[in-house]
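Structure assessment
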Number of protein chains: 2
Amino acid sequence: MTKFMDVHRGMVGITAEQFREAHDADVAIQAEEGVTFEQAWADPEDGVVYCLSEAPNAEAVQRIHQRSGHPADEIHPVPLVV
Amino acid sequence: MTKFMDVHRGMVGITAEQFREAHDADVAIQAEEGVTFEQAWADPEDGVVYCLSEAPNAEAVQRIHQRSGHPADEIHPVPLVV
């Protein structure tokens, strides 16, 4: 398992409720790809969302996000953490 | 205080030791600007680093990173967290 940071753009104006719903939609199906979404952060003004997950590979992360209707624009393995 | 996610690019090949040293350099002086760096993640292959902090404003985060020799390319307030 590897940690991944993925980035979503174009989320300008996202509300706390919409953000929570999007995250819950991912979490509801994450086990089907062996993914665990750990935390996510949103900047509603610039419309950027960052999601931290643990997953077997980036494709698994993307499949969950796609099925939830919000594919990621970038997915980076982040093997180094401090 | 607000949470911020900042992004550094061009860090291709960064090692675990270099990453730890860069983080430690920030932490050593963070109090002078009222910043707390909470966690950071690096993708050495694409050379991207993400830093999560709590700070009075983005300028304070940038002043610490600049003094440590690694200014951020982007700094986003992330008021929404799940």
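Our subject is the structure that appears above.
Residues numbered from 1 in each chain as written. Chains lettered and ligands numbered in written order. Predicted model: local features only at pLDDT ≥ 70, side-chain atom pairs only at ≥ 80, totals over all residues. Heavy atoms only, no water.

With respect to the interface of chain A and chain B
For clarity, the threshold we go by: Any two residues whose heavy atoms approach within 4.5 Å at even a single point are treated as in contact. Joining two parts hides part of their accessible area as seen by a 1.4 Å probe, and the buried area is that hidden amount summed over both. Salt bridges are counted wherever a side-chain nitrogen of Lys or Arg sits within 4 Å of a carboxyl oxygen of Asp or Glu. Each polar contact in these results corresponds to two N or O atoms within 3.5 Å; when the atoms are within protein, one needs to be able to donate a hydrogen and the other to accept it, and residues that are neighboring in sequence are counted only if both atoms are side-chain atoms. Helix and strand assignments follow DSSP, with helices taken as H or I runs no shorter than four residues and strands as E runs no shorter than two, numbered in order from the N terminus.
Across the contact, 27 residues belong to chain A and 27 residues belong to chain B. The contact between chain A and chain B buries some 2300 Å² in all, and 69% of this surface belongs to carbon and sulfur atoms. Where chain A packs against chain B, one counts zero salt bridges. Here chain A and chain B share eight residue pairs in polar contact (both at pLDDT 80 or more) between them. Those elements that provide at least two residues to the side of chain A that touches chain B are β1 (2–8), α1 (16–29), β2 (36–43), β3 (48–55), β4 (74–77) and β5 (80–81) of chain A.

Observations regarding the relation of the copies chain A and chain B
To keep things clear, this is the line we draw: Each copy is superposed on the other by least squares, with the fit set by C-alpha atoms of residues at a pLDDT of at least 70 in both.
Mapping chain A onto chain B calls for a rotation angle of 180° and an axial translation of 0.0 Å; the resulting RMSD is 0.0 Å. Taken together, the rotation angle and the small translation identify this as a two-fold axis. By C-alpha distance to the rotation axis, the residue of chain A lying nearest is Tyr50 of chain A, at 4.7 Å. Taken as a fraction of all interface residues of chain A, those also at the interface in chain B reach 100%, which identifies the copy contact as same-surface.

Points about the sheet that holds strand β5 (residues 80–81) of chain B
To keep things clear, this is the line we draw: In this description, strands pair whenever DSSP reports at least two bridges between them. The angle between two axes is taken between their N-to-C directions and runs from 0 to 180 degrees, where each axis is a line fitted to C-alpha atoms and a helix contributes only its stretch in contact.
One open sheet holds the five strands; their spatial order is β4(A)-β1(A)-β3(A)-β2(A)-β5(B), and the pairing between them is antiparallel. The open sheet is flanked by β4 of chain A together with β5 of chain B, the only strands paired with a single partner. With seven bridges joining them, β2 of chain A and β3 of chain A adopt antiparallel strand pairing. Paired with Ala42 of chain A across the strands is Val49 of chain A, a residue of β3 of chain A. The strands touched by α1 of chain A are β2 and β3 of chain A together with β5 of chain B; relative to β2 of chain A, the strand with the most contacts, the crossing angle is about 160°. Helix α2 (residues 58–67) of chain A contacts β1, β2, β3 and β4 of chain A of the sheet and is inclined by roughly 45° relative to β1 of chain A.

Focus: the sheet that holds strand β1 (residues 2–8) of chain B
What the five strands build is an open sheet, ordered β5(A)-β2(B)-β3(B)-β1(B)-β4(B); its pairing is antiparallel. The open sheet has two edge strands, β5 of chain A together with β4 (74–77) of chain B, and neither has a second partner. In this fold helix α1 (residues 16–29) of chain B packs onto β5 of chain A together with β2 (36–43) and β3 (48–55) of chain B, with an angle of close to 160° to the strand it touches most, β2 of chain B.

Brief notes about α1 of chain A
Quick note on the threshold: Multiplying 1.5 Å by the residue count of a helix minus one yields the expected span of that helix.
Between its terminal C-alpha atoms α1 of chain A stretches 21 Å, which fits the 20 Å expected from 14 residues at 1.5 Å a residue. Buried residues belonging to α1 of chain A abut β2, β3 and α2 of chain A together with β5 of chain B.

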